[in-house]
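Read off the chains here:
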Amino acid sequence: MLVDMAPDPPRPEQLPSTMRDVLREYSDEMFRLGDLLLELLSEALGLDPGHLKGMECAANLGIASHYYPVCPQPELTLGITNHTDLGFVTVLLQDHVGGLQVLHRDFWVDVPPRPDALVVNIGDMLQVIDYWFQLLDFLKEILS
């Protein structure tokens, strides 16, 4: 399931009735978490806490839900193909089954699920912004 909740949220009748209230509440909480993460990331980049939010990095919210039941032969299954996260930040909640992997030094490594924990991935757009800030700092040093 994929639902774009911002900037143009669906009308209530467009959402599954069994999930309508939970999707709205979850969206509100994810916006709050996203704002906090962007403040912390802004500070980590040496910027004003509101910088990334001011660049509208928090303007979009998509909620995706993937469910993979336990398989007796996991080596014969395929999940989502190898990919990077295109946006700024992705927040993941794993179930007890797991299956999330990250590419680390050219090897796929399992990320074991932890109860009551969220996984925060830095997306491609945030990496581009970080690159540009590093480049600007480098250019300032050269020119001064």
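Residues numbered from 1 in each chain as written. Predicted model: local features only at pLDDT ≥ 70, side-chain atom pairs only at ≥ 80, totals over all residues. Heavy atoms only, no water.

Asker: How should I be thinking about the environment of Arg20 in this particular structure?
Answerer: Within the secondary structure layout, Arg20 lies in helix α1 (residues 20–44). The class for Arg20 is partly exposed, based on a relative accessible area of 26%. A polar contact of 3.0 Å, which involves the side chain of Arg20, links it to the backbone oxygen of Leu15. (Helix = DSSP H or I, 4+ residues; strand = E, 2+ residues; numbered from the N terminus. Buried < 20%, exposed > 50% of the residue type's maximum accessible area, 1.4 Å probe, protein only. Polar contact = N/O pair within 3.5 Å; in protein donor to acceptor, adjacent residues only side chain to side chain.)

Asker: Explanation requested: a nonpolar patch on the surface in the structure shown.
Answerer: The grouping of Leu136, Phe138, Leu139, Ile142 and Leu143 at the surface amounts to a nonpolar patch, some 520 Å² of accessible area in total. As for its placement among the helices and strands, Leu139 is situated in helix α3 (residues 124–143). Owing to a relative accessible area of 37%, Leu139 belongs among the partly exposed residues under this scheme. (Patch = residues over 30% accessible without salt bridge, like charges linked within 9 Å, V, L, I, M, F, W, Y side chains within 5 Å. Areas by Shrake-Rupley, 256 points an atom, 1.4 Å probe, with all protein chains shown as cover. Salt bridge = Lys/Arg side-chain N within 4 Å of Asp/Glu carboxyl O.)

Asker: Sorry, what's going on with the UniProt feature "domain: Fe2OG dioxygenase" (unreviewed entry) in the protein here?
Answerer: Residues annotated in UniProt with the feature "domain: Fe2OG dioxygenase" (unreviewed entry) correspond here to residues 57–144. Span residues 57–144 is 23% helix and 23% strand, its end C-alpha atoms 31 Å apart. (UniProt positions renumbered as here; feature names shortened; annotations may be inferred.)

Asker: So what exactly am I meant to see when it comes to the nonpolar core here?
Answerer: Inside soluble globular proteins, nonpolar side chains tend to come together where they are buried. If you look at the biggest cluster of nonpolar residues, it comprises eight residues: Val3, Met5, Ala6, Leu15, Leu23, Met30, Leu61 and Ile63. Those elements that place two or more of their residues in this core are β1 (2–6), α1 and β2 (61–64). A total of three residues in this core trace back to one element, the largest contributor, which is β1. Beyond its immediate stretch of four places on either side in the chain, Ile63 contacts Met1, Leu2, Val3, Met5, Leu23, Tyr26 and Ser27. Counting seven residues, the second largest nonpolar core, distinct from the first, contains Leu38, Leu41, Cys57 and Phe88. (Core = buried A, V, L, I, M, F, W, Y, C linked by side-chain atoms within 4.5 Å. Contact = heavy atoms within 4.5 Å.)

Asker: Would you explain the environment of Met5 in this entry?
Answerer: Structurally, Met5 is set in strand β1. Since its relative accessible area comes to 5%, Met5 is described here as buried. For Met5 and Arg24, which are 19 residues apart along the polypeptide, the C-alpha to C-alpha distance reads 8.3 Å.

Asker: What is the right way to read the side chain of Ser42 from this model?
Answerer: Positionally, Ser42 belongs in helix α1. Setting aside its immediate chain neighbours within four residues, Ser42 contacts Leu47, Asp48, Pro49, His51 and Leu52.

Asker: I would appreciate a short explanation of the pairing of strand β5 (residues 107–110) in the present structure.
Answerer: Looking along a regular strand, one sees side chains alternate from face to face of the sheet. In terms of strand pairing, strand β4 (residues 101–104) meets β5 through four bridges, oriented antiparallel. Looking across to β5, one finds that His104 is bridged to Phe107. (Pairing = 2+ DSSP bridges.)

Asker: I keep staring at unusual backbone geometry and nothing clicks. Help me out?
Answerer: Most peptide bonds take the trans form, and the phi angle of most residues other than glycine is negative. For the bond from Ala6 to Pro7, the omega torsion is 15 degrees, close enough to zero to count as cis. Note that Pro7 resides in the loop between β1 and α1. If you check the backbone angles, Arg105 has positive phi at about 55 degrees while not being a glycine. The phi torsion at Asp106 lies on the positive side, around 70 degrees, for a residue other than glycine. Structurally, Asp106 can be placed in the loop between β4 and β5. By relative accessible area, Asp106 is classed as exposed at 70%.

Asker: Please clarify how the pattern of salt bridges should be interpreted in this entry.
Answerer: Where charged atoms of side chains with opposite charge meet at close range, the side chains can pair. Evaluation of the coordinates by the stated rule reveals three salt bridges. Note that Glu13 is salt-bridged to Arg11, the shortest N-O span being 2.8 Å. Overall, Glu13 belongs to the exposed group, its relative accessible area being 53%. Under the relative-accessibility criterion, Arg11 is labelled partly exposed at 49%. Of the charged contacts in the structure, one is a salt bridge between Arg32 and Glu29, with a shortest N-O distance of 2.6 Å. In this pair, Arg32 and Glu29 both sit in helix α1, three residues apart, roughly one turn of the helix.

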